[in-house]
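One letter stands for each residue in the lines below.
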Amino acid sequence: MPERVGEDARVIPLRRPEAEARPDAAPETDAAPETDAAPETDHAVGDAGPQSALERSLAEGLAFLRRRVTGEYEIDEFGFDRDLTAHVVLPAVRPMYERWFRTEVLGAHNLPVDGAALLVANHAGGLWALDSVITAAAVHEATGGERFLRMLGADLVFTTPVLGQLARKAGATLACNADAERLLGSGELVGVWPEGFKGIGKPYRDRYRLQRFGRGGFVTSALHSGVPIVPVSIVGSEEIHPMLGNAKTLARILNLPYFPLTPTFPWLGPLGMVPLPSKWYIEFGEPIATDEYPADSVDDPMLVFELTDRVRETIQSTLYRLLGQRRSVWY
């Protein structure tokens, strides 16, 4: 079986404003302009003007449907459908990302504009591991829609009907060194959540206390590929389904790693599966370089342990700082 891989800056919204004031811009005044000439436009007199947002969305949707019908789209060797992800999956996630969780980020400048990197994040969720898809949306928005996060997931994700196929099309693949290194070798941004089920299934009393990061398989993948490791710290995911208990007998019957008991699930049925609208913050930390180490460093267990612990401690200390800065779970 393949081995598993699992400045204090201002908090800024990922959704950029359409225009930003320049430091050298002239101050606003109430004086009338020096000329009463009509403003320049890019359309002729009598033209309807630039397309509205609705018209643009409709045109993009029709173009997407045409590509699906004619087969003018590509799927890579892992099953990733870039066109479907950009025009269907991520737009479906965006309302939850922007309005439900009101996600804000720190350190977006630490994401590489091009080239590969391994993003390592804390894991939580209880019932739903939504931190992976929200992080993927954050990466896509922060890079102006140019980059996609290729997520590494557990076997259970890909053996679940419908979910497995959708995860593949959205860019996810099995959390093993071989797949991780092939993606990194292709210049992709790869995301890993080394806590695994220990992270998303931990009780609420242990929230934001990182669990063990496995055996450091993600570090060996980064060292093999010579790519930087970007620590990612996520605050807000622990509160969407506070896990108060674990029905272990039921989990064994259903062949699940755990069965969460939360304030709403399973007591409210399907309604109890709706995540609570906690306020989310995501910080992309300063990249940790790995290309400075010799080629045989992957065989040095002490180095692997040291880098694993460094990444883990960076994420843990950042979580504590963000928790100390936030005003409330909800805003």
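Preceding this paragraph is the structure being described.
Please read these numbers as outputs of a predicted model, since none were measured by experiment.

The rules behind these values
- Residues numbered from 1 in each chain as written.
- Predicted model: local features only at pLDDT ≥ 70, side-chain atom pairs only at ≥ 80, totals over all residues.
- Heavy atoms only, no water.
- Phe/Tyr/Trp six-rings, centres within 6.5 Å; stacked < 30°, edge-to-face > 60°.
- Buried < 20%, exposed > 50% of the residue type's maximum accessible area, 1.4 Å probe, protein only.
- Lys NZ or Arg CZ within 6 Å of the ring centre and 35° of its normal.
- Helix = DSSP H or I, 4+ residues; strand = E, 2+ residues; numbered from the N terminus.
- Patch = residues over 30% accessible without salt bridge, like charges linked within 9 Å, V, L, I, M, F, W, Y side chains within 5 Å.
- Areas by Shrake-Rupley, 256 points an atom, 1.4 Å probe, with all protein chains shown as cover.
- Salt bridge = Lys/Arg side-chain N within 4 Å of Asp/Glu carboxyl O.
- Lys, Arg positive; Asp, Glu negative; His and termini not counted.
- Charge placed at Lys NZ, Arg CZ, Asp CG, Glu CD.
- 1 Å grid on protein atoms, 1.4 Å probe; cavity = no way out; pocket = protein on both sides within 12 Å on 5 of 7 lines; lining within 4 Å.
- Points joined across faces, edges and corners; volume = space filled by probe spheres on them.
- Nonpolar A, V, L, I, M, F, W, Y, C, P; charged D, E, K, R; others polar.
- Pairing = 2+ DSSP bridges.

**So, the packing of aromatic side chains**
Then, in step 1: As enumerated under the stated definition, the model contains four aromatic pairs in all.
Then, in step 2: When the ring of Phe213 is compared with that of Phe218, the centres are 6.0 Å apart and the planes differ by 75°; the resulting orientation is edge-to-face. Comparing Phe213 with Phe218, the two get one shared label, buried.
Then, in step 3: Directly above the ring of Tyr73 sits Arg68, whose terminal nitrogen or CZ lies 3.6 Å from the centroid.
Then, in step 4: The residue whose ring lies beneath Arg168 is Phe158, and the NZ or CZ to ring-centre distance is 4.6 Å.

**Re unusual backbone geometry**
Then, in step 1: Cis geometry is found at the peptide bond from Phe265 to Pro266, where omega equals 5°.
Then, in step 2: With respect to the secondary-structure elements, Pro266 resides in the loop between β9 (260-261) and β10 (281-284).
Then, in step 3: Located in the positive-phi region is Arg102, a residue other than glycine, with phi close to 50°.
Then, in step 4: Of note, Arg102 is situated in the loop between α2 (82-100) and β2 (104-106).
Then, in step 5: Arg102 sits in the partly exposed class, given a relative accessible area of 25%.
Then, in step 6: The backbone of Asn255 shows a phi angle near 55°, a positive value even though the residue is not glycine.
Then, in step 7: Note on placement: Asn255 falls in the loop between α9 (248-253) and β9.
Then, in step 8: Accessibility expressed as a relative area gives 67% for Asn255, which makes it exposed.

**Considering a negative patch on the surface**
Then, in step 1: Judged by side-chain charge, Asp296, Asp299, Asp300, Glu306 and Asp309 come together as a negatively charged surface patch.
Then, in step 2: One can find Asp296 in the loop between β10 and α10 (301-325).

**A closer look at the layout of surface pockets**
Then, in step 1: Size it by volume and the second largest pocket reaches roughly 330 Å³.
Then, in step 2: If you go around the second largest pocket, the residues you meet are Ala53, Arg56, Ser57, Glu60, Gly61, Phe64, Ala86, His87, Pro91, Arg94 and His140.
Then, in step 3: Only α1 (53-70) and α2 provide two or more residues apiece to the lining of the second largest pocket.
Then, in step 4: Among the elements that take part in the lining of the second largest pocket, α1 stands out by supplying six residues, more than any other.
Then, in step 5: Partitioned by chemical class, the residues of the lining of the second largest pocket number four nonpolar, four polar and three charged.

**Digging into the pairing of strand β4 (residues 149-153)**
Across a regular strand the side chains alternate sides, sitting on one face of the sheet and then on the other.
Then, in step 1: When you tally the buried positions in β4, you get five out of five residues, the bulk of the element.
Then, in step 2: Looking at chain direction, β4 and strand β6 (residues 189-192) are connected through three bridges and run parallel. What sits directly across from Met151, in β6, is Gly191.
Then, in step 3: Inspection of the sheet shows β4 paired to strand β5 (residues 173-174) by two bridges, in the parallel sense. Across the sheet, residue Leu152 finds its bridge partner in β5, namely Thr173.

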